[in-house]
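# Working through the structure, step by step
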Amino acid sequence: MILLRRKDRAITDIRQINEVLQAAKIVHLGMIDHDRPYVVPLNYGYEWQEEQLILYIHGAMSGRKIEVLKQNPHVFVEIDHYLGAIDGKEIPCKYSSAYASIMADGVAKLLTEPTEKIHGLNVLMRTQTNRDFAMTEEMVKMVQVIQINLFNLSAKQRLMPESN
């Protein structure tokens, strides 16, 4: 875990981090395309392997995202869950948002083995739908599955004030 400037907003409990991961559903995947930033919003699945958070994403077998990841597998992820507006009443600077967020560095790996791809897609579908699906090797030939191992994770939240 990374130390945050606002320690009062830090989320360190794995159960709370899992709640954010279950609620959010979209990851913003940041990559570097040559010398330019490139960010893509994607559905994701997640699992913990020991204390390592792993995301799974998917997409077409080719395209900009795949080409960028082949050139540079180092990524940054941001996941946020919007909880609502905080009313500042008559003071514009007091307006804000209640939220929970997760950010981390990561290394992406394009999966090639059918069993790995099936596993990644099962994790993704379980995260997105709370259901299990039967997948075959034939089905996963048409899709690229990407595993992202995360590190330097930070998570924080700003809750709704009691009076809002």
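Everything here concerns the structure above.
A brief structural summary. Only a predicted model underlies this, so the values are computations on that prediction, with no experimental measurement involved.

By size, the foremost hydrophobic cluster in this structure holds 31 residues, and its most contacted members are Tyr44, Leu55 and Ile148. Elements with a minimum of two residues in this core: helix H1 (14-24), strand E1 (26-33), strand E2 (36-43), strand E4 (52-59), helix H2 (64-71), strand E5 (74-86), strand E6 (96-110) and strand E7 (144-158).

Turning our eyes to something else, we now look at the pairing of E5. By the bridge criterion, 4 bridges tie E1 to E5 in an arrangement that is antiparallel. In the strand pairing of E5, Gly30 is matched with Phe76. Where E5 meets E6, 12 bridges bridge the pair, whose relative direction is antiparallel. In the sheet register, Asp80 faces E6, and the bridge partner there is Ser101.

With that out of the way, let us pick up the pairing of E2. Where E1 lies against E2, 8 bridges are found, and the strand directions are antiparallel. Residue pairing across strands places Asp33 opposite Arg36, the latter belonging to E2. Taking the residues that link successive antiparallel strands as the turn, the E1-E2 hairpin has 2 residues, and the phi of His34 there is positive, at about 60°.

Turning our attention to H1. Along H1, the residues classified as buried are Ile17, Val20, Leu21 and Ala24. Mapping the buried residues of H1 onto a view down its axis gives an arc of 100°, with all of them on the same face. The outward face of H1, more than 90 degrees from its buried face, is lined by the exposed residues Arg15 and Glu19. Among the residues of H1, the N-terminal cap falls to Asp13, whose side-chain oxygen and the backbone nitrogen of Arg15 are separated by 2.7 Å.

Per the stated rule, a full pass over the model turns up 0 aromatic pairs. Lying across the ring of Tyr38, Arg64 places its NZ or CZ 3.7 Å from the centre.

A few words on unusual backbone geometry. Look at Glu50: it is not a glycine, yet its phi comes out positive at around 60°. Tracing the chain through its elements places Glu50 in the loop between strand E3 (45-49) and E4. Even without being a glycine, Asn130 presents a positive backbone phi close to 60°. Looking at the secondary structure, you find Asn130 in the loop between helix H3 (114-129) and helix H4 (137-140).

Let us now look at the pattern of salt bridges. Tallied over the full model, the rule gives 6 salt bridges. As a salt-bridge pair, Arg64 and Asp33 come within 2.9 Å of each other at their nearest N and O atoms. With a gap of 31 residues between them, Arg64 in helix H2 and Asp33 in strand E1 connect regions that are remote in the sequence. Since its relative accessible area comes to 39%, Arg64 is described here as partly exposed.

Tracing the backbone shows Met31 in strand E1. Assessed through its relative accessible area of 3%, Met31 is described here as buried. In this structure the C-alpha to C-alpha distance between Met31 and Lys109, which are 78 residues apart in sequence, comes to 13 Å. Excluding its chain neighbours within four sequence positions, the residues that come into contact with Met31 are Arg36, Pro37, Tyr38, Val40, Lys65, Val68, Leu69 and Val75.

Quick notes on the rules
Residues numbered from 1 in each chain as written. Predicted model: local features only at pLDDT ≥ 70, side-chain atom pairs only at ≥ 80, totals over all residues. Heavy atoms only, no water. Core = buried A, V, L, I, M, F, W, Y, C linked by side-chain atoms within 4.5 Å. Buried < 20%, exposed > 50% of the residue type's maximum accessible area, 1.4 Å probe, protein only. Helix = DSSP H or I, 4+ residues; strand = E, 2+ residues; numbered from the N terminus. Pairing = 2+ DSSP bridges. Arc of directions from axis to C-beta. Polar contact = N/O pair within 3.5 Å; in protein donor to acceptor, adjacent residues only side chain to side chain. Phe/Tyr/Trp six-rings, centres within 6.5 Å; stacked < 30°, edge-to-face > 60°. Lys NZ or Arg CZ within 6 Å of the ring centre and 35° of its normal. Salt bridge = Lys/Arg side-chain N within 4 Å of Asp/Glu carboxyl O. Contact = heavy atoms within 4.5 Å.

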